[in-house]
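Working through the structure, step by step
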Amino acid sequence: MVKIPHEPVAVNRKQFLHGMVVSPHTVAAKAGETILQQGGNAVDAAIAVSAALSVTYPHMNGLGGDGLWLIYDASTRQVNGLNGSGRSAACLNKPMVLSQRGAAAAITVPGAVDAWWEAHQRFGQWPWASLLKPAIELAQKGYPLSSSQFRWTRKDRDLLIRDAGAAATFLAPEQRPGCTVKNPALAQVLETLARDGVDAFYRGPIARAIVDYVAPLGSPLSLGDFANHQSDWVEPMTTTYRDHTIYQLPPNTQGLSVLQILNLIEPYDIANLDEVSYYHLMVEATKLAFCDRDRWIGDPSFTHVPLEQLASKAYADRLRTQINLSQARVENPLPKGGDTIYAAVVDRYGNAVSWLQSLYFDYGCGVAPPGLGFVLNNRGAIFSPDPNHANGVAPGKRPLQTLIPGMALQHERPHLVFGTMGGEGQPQTQVALLTRVLDLGVDIQTAINMPRWRWGRTWGETSARLALEGRISDDICHGLRQRKHQLQIEANWSEAMGHAHMIQVQKTRLFGACDPRSDGLAIGVG
């Protein structure tokens, strides 16, 4: 059987009655807490947290990135999907060589700000400007530099130093974790958004500043691309697992992979599997789901995805025959990178928000137009150079999104609100959390703290490996090698395994859990 620690490590599991926020940076979580305390709803708090994280976690998300949301509306008992990912430039040339970094990699419009606006217009209660105020104050007065930002800035120094705006914004000398960092340029941008609304970003001075800077450097983005951008309200996909209804966003996201993995493993008695078999089963189911992801998932405006078939139990029954419980299947998926933030909010009214924001790679394309205080994303690097592929590069197209916020409902009400950063690892970590809570019966903090894995390959690797946190025992590693898995041992608490957070709703009680691999906090309103 899967070994469950008697005492969870770095426990941050808290119970409150009237609201809960989980976020990878403490001061961003506190921004959401303030909104909830003063009567704002979950969407209000989520916007405040999103804006604050754009200041305090700029290496993983920001105004230059995308945002994808699941919003549970307690008044209708409906889960609403919001796709705030950007489309590629209308003048994009085909065929083209896709760049991973630099201004030439900035080929998709940032969608995060419009997602904030759309969520607020439909569900928000507080005035728009008041929700950006905490972020403005953090940018003006400063915030404590997280250990994550310090590590990634040091890693990406050579990238950032090549761009004047990025170097000026993020490479201040002698910064150390915990020191106070200010971003006055970003504060001014947020003040403009607070005063003038979303048009300032997409049809006003911010769009002009971006295009004027990146176009001469090789980006195809134009003012028309920004002006024509809009987020889309979409119907989430669902499956059932252990008496819960699991919600994921449809393509262009990889949310289908979570549903397929759950469908594949559902007939197994997870709680009574030995540990080697548990890891092996999860990885083998992931391989099959990723085959479909890499074949089918792209912008549904450009390609038909047979979702009803792919997400069905009958299809999983046929696919499951390919799982060999004694030997690993050889697969070599497309590399999917990604550094992201995940956060969640539940309010006193029963509303819930699960969302992610991302630049794709750490610090995105590494370009920050001077005077704006944020980097642009490089999400377009995930396009396939083959225009005939489902995710093939094309003008005005959304690339595959690794971002997948999750919810599990029971009796039409949220029971688990969950997600993680981590690109390729997002579906795998979500399934780890769900099986640990729903099959093994552990609390949500223990589920997050238990050792994790990630199967796949990243940029620059020629073959897929099964990455395991170092806390996984030698006996388990030996058993997995016997089943022909190629292993890569990571640090004991590897940030590469993502920052996962959860909120659990149990009748009138709320429990929050934050990943000790992050710099964040689960914080509640009593």
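Residues numbered from 1 in each chain as written. Predicted model: local features only at pLDDT ≥ 70, side-chain atom pairs only at ≥ 80, totals over all residues. Heavy atoms only, no water.

Under an unreviewed UniProt entry, the protein has the name Glutathione hydrolase proenzyme and belongs to Adonisia turfae CCMR0081. In the Pathway (unreviewed entry) part of its UniProt record, the protein is described as follows: "Sulfur metabolism; glutathione metabolism." UniProt lists a comment for the protein under the heading Subunit (unreviewed entry), and it reads "This enzyme consists of two polypeptide chains, which are synthesized in precursor form from a single polypeptide." (UniProt positions renumbered as here; feature names shortened; annotations may be inferred.)

Sheet architecture is open: three strands sit in the order β14-β15-β16, paired in mixed fashion. Here the strands that pair on one side only, and so sit at the sheet edges, are β14 (453-456) and β16 (487-490). Along the sheet, successive strands turn relative to each other by an average axial angle of 20°, direction set aside. Both β14 and strand β15 (residues 465-469) contribute to a ladder of four bridges, which runs antiparallel. Residue pairing across strands places Gly-456 opposite Arg-465, the latter belonging to β15. (Pairing = 2+ DSSP bridges. Helix = DSSP H or I, 4+ residues; strand = E, 2+ residues; numbered from the N terminus. Axes fitted to C-alpha atoms, helices over the stretch in contact; angles between N-to-C directions.)

UniProt annotation of "binding site: L-glutamate" (unreviewed entry) refers to Gly-423 when read in the numbering used here. In this structure, Gly-423 sits in the loop between β13 (413-420) and α16 (426-439). Its relative accessible area of 0% is what places Gly-423 among the buried residues. (Buried < 20%, exposed > 50% of the residue type's maximum accessible area, 1.4 Å probe, protein only.)

On to helix α2 (residues 42-56), then. If you check α2, its first and last C-alpha atoms are 20 Å apart, about what 15 residues at 1.5 Å a residue would give, namely 21 Å. Judged by how many residues are buried, α2 sits mostly within the fold: 15 of 15 residues are covered. One side-chain oxygen of the residue at the start of α2 lies 3.1 Å from the amide nitrogen of Val-43, identifying that residue as Asn-41. (Expected span 1.5 Å × (residues − 1). Polar contact = N/O pair within 3.5 Å; in protein donor to acceptor, adjacent residues only side chain to side chain.)

Moving on, we come to the UniProt feature "active site" (unreviewed entry) in the protein. What UniProt calls "active site" (unreviewed entry) maps, in this numbering, to Thr-340. A relative accessible area of 0% places Thr-340 in the buried class. Among residues more than four places away in sequence, those in contact with Thr-340 are Met-60, Leu-356, Gln-357, Ser-358, Leu-403, Met-421 and Gln-426. (Contact = heavy atoms within 4.5 Å.)

Phi at Asp-243 is positive, roughly 65°, even though this residue is not glycine. Within the secondary structure, Asp-243 sits in the loop between β8 (237-241) and β9 (244-248). Judged by relative accessible area, which is 72%, Asp-243 ranks as exposed. The backbone of Glu-412 sits at a positive phi, close to 65°, despite the residue not being glycine.

This brings us to the domain arrangement of the protein. Looking at the assigned domains, one finds that the protein contains domain 1 (22-230 + 339-382) and domain 2 (234-337 + 422-519). The gap between the C-alpha centroids of domain 1 and domain 2 is 27 Å. In this complex, domain 1 contributes 32 residues to the contact, which on the side of domain 2 involves 23 residues. In this assembly, domain 1 and domain 2 are joined by one salt bridge. Between Glu-495 and Arg-151 there is a salt bridge; the shortest N-O distance is 2.8 Å. The tally of links between domain 1 and domain 2 comes to eleven residue pairs in polar contact (both at pLDDT 80 or more). Sorting the residues of the side of domain 1 that touches domain 2 by element identifies β2 (19-23), β3 (66-73), β4 (78-84), α5 (147-155), β10 (339-347) and β11 (352-360) as the ones contributing at least two each. Split by residue class, the side of domain 1 that touches domain 2 holds 19 nonpolar, twelve polar and one charged. (Domains from an automatic or database assignment. Salt bridge = Lys/Arg side-chain N within 4 Å of Asp/Glu carboxyl O. Nonpolar A, V, L, I, M, F, W, Y, C, P; charged D, E, K, R; others polar.)

Soluble globular proteins tend to pack their nonpolar side chains together in the buried interior. Core analysis: the largest hydrophobic core is formed by 78 residues, its most contacted members being Leu-63, Trp-69, Trp-116, Phe-201 and Phe-374. It is α2 that contributes the most residues to this core, eleven residues altogether. Dropping the residues within four chain positions of it, Phe-201 is found in contact with Leu-63, Pro-110, Val-113, Leu-193, Ile-206, Ala-207, Ile-210, Phe-226 and Phe-374. Counting 66 residues, the second largest nonpolar core, distinct from the first, contains Ile-246, Ile-270, Ile-404 and Leu-487. (Core = buried A, V, L, I, M, F, W, Y, C linked by side-chain atoms within 4.5 Å.)

Before going further, it helps to examine the packing of aromatic side chains. The full count for this structure, using the stated rule, is 13 aromatic pairs. Plain terms: the ring middles of Tyr-360 and Phe-361 are 4.8 Å apart, the flat faces sit at 35° to each other, and that makes the pair tilted. Every member of this aromatic cluster is reached through a ring pair, and the members are Phe-201, Tyr-202, Phe-226 and Phe-374. Against the face of Trp-233 rests Arg-122, its NZ or CZ located 4.4 Å from the ring centre. (Phe/Tyr/Trp six-rings, centres within 6.5 Å; stacked < 30°, edge-to-face > 60°. Lys NZ or Arg CZ within 6 Å of the ring centre and 35° of its normal.)

What follows is about helix α13 (residues 275-296). Compared with the 32 Å implied by 1.5 Å per residue over 22 residues, the 32 Å span of α13 between its first and last C-alpha is a close match. Counted residue by residue, α13 has 18 buried out of 22 residues, so it is predominantly covered. The N-terminus of α13 is capped by Asp-274, whose side-chain oxygen sits 3.2 Å from the backbone nitrogen of Val-276.

The buried fraction of β9 amounts to four of the five residues, a majority that puts the element mostly inside the structure. The hairpin formed by β8 and β9 contains two residues between the paired strands, and Arg-242 there has a positive phi angle of roughly 50°. Bridge analysis of β9 against strand β12 (residues 406-410) gives three bridges, and the strand direction is antiparallel. Paired with Ile-246 across the bridge in β12 is Ala-408.

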